[in-house]
Amino acid sequence: MEQPVTPPASDNAAQPQQFSSTPRPARPFARRRVRLIAGAAGLLVGALALTACGGDAKASDDSKNGKGTDASAAKDASTLKITISAKDGSTNASINDVAVKAEGGKLSDVTMTEAQGGKAVPGTLAADGLSWKPTGKIDRGVQYKITANGKDDKGRAATENSQFTTVSAKDSFIGTYTPDNGATVGVGMPVSFNFDKAITNKKDVLSHITVTSSSGQQVVGHWFDSQRLDFRPEEYWKAGSKVTMKINLDKVEGAKGVYGVQSKEVTFTIGRNQVSTVDVKTQEMTVQEDGKTIKTIPVSTGSSEHPTYNGQMVISEKFTQTRMNGDSVGFGGEYDIKDVPHAMRLSTSGTFIHGNYWGDPSVFGNDGTSHGCVGMKDVKGAAGDTPAKWMFDHSIIGDVVVVKGSPDKTIAPDNGLNGWNLPWSQWTADSTS
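The rules behind the values
Residues numbered from 1 in each chain as written. Predicted model: local features only at pLDDT ≥ 70, side-chain atom pairs only at ≥ 80, totals over all residues. Heavy atoms only, no water. Helix = DSSP H or I, 4+ residues; strand = E, 2+ residues; numbered from the N terminus. Buried < 20%, exposed > 50% of the residue type's maximum accessible area, 1.4 Å probe, protein only. Contact = heavy atoms within 4.5 Å. Areas by Shrake-Rupley, 256 points an atom, 1.4 Å probe, with all protein chains shown as cover. Phe/Tyr/Trp six-rings, centres within 6.5 Å; stacked < 30°, edge-to-face > 60°. Lys NZ or Arg CZ within 6 Å of the ring centre and 35° of its normal. Pairing = 2+ DSSP bridges. Axes fitted to C-alpha atoms, helices over the stretch in contact; angles between N-to-C directions. Core = buried A, V, L, I, M, F, W, Y, C linked by side-chain atoms within 4.5 Å. Salt bridge = Lys/Arg side-chain N within 4 Å of Asp/Glu carboxyl O. pLDDT = per-residue confidence, 0-100. Polar contact = N/O pair within 3.5 Å; in protein donor to acceptor, adjacent residues only side chain to side chain.

A. Geometry of the overall build of the protein. Helices and strands together make up the secondary structure of the protein, namely 6 helices and 27 strands. Across the 433 residues of the protein, 39% fall into the buried class. Considering only contacts within the protein whose residues lie at least 6 apart along the sequence, 64% involve residues at least 24 apart. Taken as a whole, the protein presents about 24,300 Å² of accessible surface, with 51% of it coming from carbon and sulfur.

Right, here's the structure in full:
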């Protein structure tokens, strides 16, 4: 409500009144005139008060009949309704559900910025002008501002604003997954999630991730612990199939007071079927593609003191050259090779299949000399036509390397992407929990 404004005093009123000490005769006419003036002043004040509070009678009647100023403005208002999904003032807005929609008109422009610093978030306005979505990254725990403008079919403008804060990292969880969207991988590649928070509501989280294959293979999820969840079929993926992963974790409670923030669809392709088998007893590797042998390579596996794991192992990383330091895997200072060529990771604990330029050529195909890796003949600098380079060039992430005949145990299913070593009955045992 507006406060009444007190008119400023006149200059004369600010001066002290001067009174004569000499008595004067009464002047009835003057007193009557004062009363008349006072009465007129009262009428004037009343009129002013009436105008300030509600207007005159005619104005009040016009308002009731829809002819007042406010009513006229409402009648001429835009019919465009703009809706911003992230409510103004909200403090736990989704990072996936930020959008603007229009009804009864079209959007003309939308801006989204970080409240602190003003960094713009790019977005896309639909061709029909009915929606807008951000295309830039939206982070957790950040305050954003959205201003959306548009017009209805009569050209009348409308604007909507919202300032909100996305859900904090403390109150949310996110999963880092592999493989990436659009990737082509080998037949042994599982879908693997690593969550940044411990998940206690495993059943609900599992039910909001689905993995399907164009091959029709049944795909089941398995929890290794409270933060790792992998998916695979009973047998290796069918070559050439398409795998689709749907992640619908946005607002799913993974643990008490901790909610998911991911909502996306990922599709990847299974390449040709390449499985390489390393026989420790013969120190030889046989490479098969789609069931046919395409290469036999002499190797040098782990020594008797440091044997190579048995089991089915999946290539998870490839490096043209990399450093291998015994300190990083518990071997002290036994070795530190800064330029190991054509290295492909088989386990988290440090098992690789890689080129070896420092060993005597006679060991390949004859002796196990490594600290558990599978070595192939190579040259320094990762150049030249060598067995290791051939293997590197013919391998992709997700290809399978099987080791057999070693005196060591079978590799643990969660040591790398090696869940194939867990029997299907055990894999599916907790598929609903």
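Right, picking up where we left off after that structure.
B. Layout of the packing of aromatic side chains. Under the criterion given, the structure shown has 9 aromatic pairs. One aromatic cluster is present, formed by Phe173, Tyr177, Phe193, Phe195 and Trp223 through successive ring pairs. Lys295 extends its terminal NZ or CZ atom over the ring of Trp390, reaching a point 5.3 Å from the ring centre.

C. Inspection of the sheet that holds strand β21 (residues 292-298) at higher detail. The strand order across the open sheet formed by 5 strands is β21-β20-β19-β27-β22, and the pairing between neighbours is mixed. In the strand order of this sheet, the two ends are held by β21 and β22 (311-314), each with one partner. Within the sheet, the average angular offset between the axes of one strand and its neighbour, ignoring direction, is 20°.

D. Up close: the environment of Pro361. On the secondary structure map, Pro361 appears in the loop between β25 (352-356) and β26 (374-377). For the pair Pro361 and Lys377, spaced 16 residues apart in the sequence, the C-alpha separation amounts to 6.8 Å.

E. The nonpolar core, seen in detail. The biggest cluster of nonpolar side chains holds 35 residues, and the ones touching the most others in it are Phe193, Phe195, Phe231 and Met245. In contact with Phe193, not counting residues within four places along its chain, are Gly175, Thr176, Tyr177, Ile209, Gln227, Arg228, Leu229, Asp230, Phe231, Met245 and Ile247. Counting residues in each nonpolar core, the second largest holds 23 residues, with Val98, Val121, Ala148 and Phe164 among its members.

F. Quick look at the sheet that holds strand β18 (residues 263-270). Spatially, the 4 strands line up as an open sheet ordered β10-β18-β15-β12, and their pairing is mixed. Of all strands in the sheet, those bounded by a partner on one side alone are β10 (184-185) and β12 (209-213). Strand direction decides the pairing type here: β12 and strand β15 (residues 242-248), joined by 5 bridges, are antiparallel. Directly across from Thr210, in β15, lies its bridge partner Lys246.

G. Fine view of the pattern of salt bridges. A complete count under the given rule lists 12 salt bridges for this structure. Residue Asp171 is joined to Lys170 by a salt bridge in which the shortest nitrogen-to-oxygen separation is 3.0 Å. Here Lys170 falls in the exposed class, since its relative accessible area comes to 62%. The salt bridge involving Asp196 is made with Lys197; its shortest N-O contact spans 4.0 Å. Lys197 gets classed as partly exposed once you look at its relative accessible area, which sits at 23%. Linked through salt bridges whose partners overlap, the residues forming this network are Arg140, Asp196 and Lys197.

H. Looking closely at the pairing of β18. In this structure, β10 lies alongside β18, joined through 2 bridges in parallel fashion. Considered in β18, the bridge of Thr184 is made with Thr269. Here 7 bridges tie β15 to β18, and the two strands are oriented antiparallel to one another. Bridge assignment links Ile247 to a residue of β18, and that residue is Lys264.

I. Examining the pairing of strand β19 (residues 274-279) more closely. Counting buried residues along β19, 5 of its 6 residues qualify, which places the element largely inside the surrounding structure. Sheet topology places β19 next to strand β20 (residues 284-289); 6 bridges connect them, and they run antiparallel. Bridging across to β20, Gln274 finds its partner in Glu289. One ladder, built from 5 bridges, connects β19 with strand β27 (residues 400-404); its direction is parallel. Bridging from a neighbouring strand, Asp279 pairs with Lys404 of β27.

J. Quick peek at the side chain of Ser241. When you line up the elements, Ser241 lands in the loop between β14 (228-233) and β15. Sequence-distant contacts of Ser241, defined by excluding residues within four places in its chain, comprise Ser213, Ser214, Ser215, Phe268, Thr269 and Ile270.

K. Representation of the confidence of the model for the protein. Across the protein, pLDDT averages 86, with 80% of residues at or above 70. Note on residues 1-64: pLDDT is under 50 here. Beyond four places in sequence and across chains, it has 5 contacts.

L. Structural context of unusual backbone geometry. Cis geometry is adopted by the peptide bond preceding Pro179, which originates at Thr178 and carries an omega value of 5°. Checked against the element boundaries, Pro179 lands in the loop between β9 (175-178) and β10. The phi dihedral of Asp290 is positive, around 50°, even though this residue is not glycine. Note that Asp290 resides in the loop between β20 and β21.

M. The arrangement of the side chain of Arg228 in detail. As for its position among the elements, Arg228 is in strand β14. Among the polar contacts made by the side chain of Arg228, one reaches the side chain of Asp230 at a distance of 2.8 Å. Beyond its immediate stretch of four places on either side in the chain, Arg228 contacts Ser192, Phe193, Asn194, His222, Trp223, Pro413, Asp414, Gly416 and Leu417.

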